[in-house]
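Observations on chain architecture
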Protein chains: 2
Amino acid sequence: MAGTDKTQESVMGGPSVILVEPQLGENIGFTARAMMNGGLSDLRIVKPRDGWPNPRAEAAASGAGSVIEAARIFETTQDAIADLQRVFAMTARPREMIKPVATPRDAATEMRALIGDERKVGILFGPERKGLDNDDVAAADTVIQAPLNPAHSSMNLGHAVMVMSYEWFQAGDDTPGRYLSEGRTGAATKEELLIFFERLEAELDDCGFFHVAEKRPIMVRNIRNIFQRADLTEQEVRTLHGIVSGLIRRHEGKSIGESND
Amino acid sequence: MAGTDKTQESVMGGPSVILVEPQLGENIGFTARAMMNGGLSDLRIVKPRDGWPNPRAEAAASGAGSVIEAARIFETTQDAIADLQRVFAMTARPREMIKPVATPRDAATEMRALIGDERKVGILFGPERKGLDNDDVAAADTVIQAPLNPAHSSMNLGHAVMVMSYEWFQAGDDTPGRYLSEGRTGAATKEELLIFFERLEAELDDCGFFHVAEKRPIMVRNIRNIFQRADLTEQEVRTLHGIVSGLIRRHEGKSIGESND
């Protein structure tokens, strides 16, 4: 079934993530975890404030230790991007420079095309407090700006990496927007539904539920619609038959009890 | 220009975010910040482990203090969703139950439609370590599962909220995928480009750059293509004229110097 036949195999690769002068080790760890979620593997760090390795980064990585272990440290942004062929810069603030600006979604689609074409691609993320400086933005080919609440568009560093990592994965994913979860035994056929409907309506006739005859057709339609909307499985139709049987028995029991009063 | 004419006005509203038994105050703060980024305002918390208010949540909220201040605390998930009409549950693990599963993107589009239709909508997020329990998932109408690296699909709590908050905003946003940043003085006309090309080529003729006559046409085409691709502004064409003038002066100076040798 769609969305359920995926292997548990890890899918790693994608653009390099370059953190420029990150301040908090936790954020480096959160970055690694976000990268792992989206299948990104190459982490580069320019002058981490608290040195390297950083135990706080390792603690926050939670399952993404391999990304932290493989991370490389650089002295300058220039060194960190030297081998790349296309560089994106994620920033919340518009800059006074003429540069293509892309949404995360559009940028991720372009990255898929570039990497499919064997180009080496990276994304720059700035320090927590002030973001990328203008020279770092100028070094990039394209600015990525996420459409967000204009009054509060600055994301937490780990969140910004998560958005790009998520969009990278979405750009290569074909999960349908909506599907039914696994565990389903198979959708009921229209005949199975009809048998249930007719049985239910016969029981309701018996107990006097349809006491206003001229309203019966519309009531039947409304009741059938309730169950149609539920998009029932064969197993669920069996469960509904059981419910009807149970309610009849209870009713019969009650009648007996009542007759004993 | 597209994407640049937005006001700084805050756009708040959207689905309620319900954190079920969150453990770390930091994650509640990160949640508030992510909500603010996406314009979500209603935070509900079921039994926060470390009580409420929580100074760590306030510290991590960074600019989203208003979301923290307005947060409401509930004893059970049932209480927290009592007034809602449609509930989504975000989870990384598939569950053994038959339930519609949507991607964050599809769910966000549906939420826009529901809220546009005046329905009260909420999204459940589980505790950090184990996620939502099955009863909480069963209480929801729809499960949201983000397509992510199958081997590492479990997101940090704040990251999961960020993805939904981001998708909520995208579903209502019309920023084009790609545009040119502000600060642009206006694209150059073809005539301005042509004047520059012809001047450059005349100077290159003068200095003997096109010394193989039969190669001149293809070299001219290649050079024009370089500048065409740059999608120049009028100001940038003026800058290029200045560069050519500067290089000629330098060349003239050199010639004088050389003739003095």
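Quick summary incoming for the structure in this document. Treat the numbers as computed from the prediction; the structure is a model and nothing was measured.

Structural notes on the sheet that holds strand β6 (residues 121-125) of chain A
Read from one edge of the open sheet, 8 strands run β3(A)-β2(A)-β1(A)-β6(A)-β4(A)-β7(A)-β5(A)-β8(B), paired in mixed fashion. Edge positions in the sheet fall to β3 (72-74) of chain A together with β8 (178-180) of chain B, since each has one partner strand and no second. Ignoring which end each strand starts from, the neighbouring axes of this sheet average 30° apart. Two elements, strand β5 (residues 100-102) of chain A and β8(B), share 3 bridges in a ladder whose sense is antiparallel. Residue A:V101 lies in a different strand from β8(B), and its bridge partner there is B:Y179. Lying on the sheet, helix α5 (residues 104-116) of chain A is in contact with β4 (86-90), β5, β6 and β7 (142-144) of chain A together with β8 of chain B; it crosses β4(A) at an angle near 160°.

Examining the relation of the copies chain B and chain A
Expressed as a screw transformation, the operator carrying chain B onto chain A has a rotation angle of 180° and an axial translation of 0.0 Å, and the superposed copies differ by an RMSD of 0.1 Å. In short, the pair behaves as if placed about a two-fold rotation axis. Within chain B, B:H159 has its C-alpha nearest the rotation axis, a separation of 2.9 Å. When you check the interface residues of chain B against chain A, 100% turn up at the interface there too, and the contact is symmetric in its surfaces.

Things to note about the interface of chain B and chain A
Taken together, the contact pairs 64 residues of chain B with 64 residues of chain A. Buried surface at the junction of chain B and chain A, both sides included, amounts to about 5,300 Å², of which 54% is carbon and sulfur. Seen at the junction of chain B and chain A, the total is 6 salt bridges. Our enumeration of links across chain B and chain A arrives at 26 residue pairs in polar contact (both at pLDDT 80 or more). Mapped by element, the contributors of at least two residues to the side of chain B that touches chain A are α1 (25-38), β5 (100-102), α5 (104-116), α7 (157-171) and β8 of chain B. It is α7(B) that provides the largest number of residues to the side of chain B that touches chain A, a total of 8 residues.

Side note on the packing of aromatic side chains
Counted according to the given criterion, the structure contains 9 aromatic pairs over all chains. When the ring of A:F196 is compared with that of A:F197, the centres are 6.2 Å apart and the planes differ by 50°; the resulting orientation is tilted. Summarising the burial analysis for this pair, A:F196 and A:F197 share the class buried. A ring pair is formed by B:F196 and B:F227, whose centres lie 5.5 Å apart and whose planes are at 80°; its orientation type is edge-to-face. Of this pair, B:F196 sits in helix α8 (residues 190-206) while B:F227 sits in helix α9 (residues 216-229), placing them 31 residues apart in sequence. Through a chain of ring-to-ring contacts, three or more aromatic side chains come together here, namely A:F196, A:F197 and A:F227. Above the plane of the ring of A:W168 lies A:R112, whose end atom (NZ or CZ) is 3.7 Å from the centre.

The rules we used
Residues numbered from 1 in each chain as written. Chains lettered and ligands numbered in written order. Predicted model: local features only at pLDDT ≥ 70, side-chain atom pairs only at ≥ 80, totals over all residues. Heavy atoms only, no water. Pairing = 2+ DSSP bridges. Helix = DSSP H or I, 4+ residues; strand = E, 2+ residues; numbered from the N terminus. Axes fitted to C-alpha atoms, helices over the stretch in contact; angles between N-to-C directions. Contact = heavy atoms within 4.5 Å. Least-squares fit on C-alpha atoms with pLDDT ≥ 70 in both. Buried area = accessible area lost by both parts, 1.4 Å probe. Salt bridge = Lys/Arg side-chain N within 4 Å of Asp/Glu carboxyl O. Polar contact = N/O pair within 3.5 Å; in protein donor to acceptor, adjacent residues only side chain to side chain. Phe/Tyr/Trp six-rings, centres within 6.5 Å; stacked < 30°, edge-to-face > 60°. Buried < 20%, exposed > 50% of the residue type's maximum accessible area, 1.4 Å probe, protein only. Lys NZ or Arg CZ within 6 Å of the ring centre and 35° of its normal.

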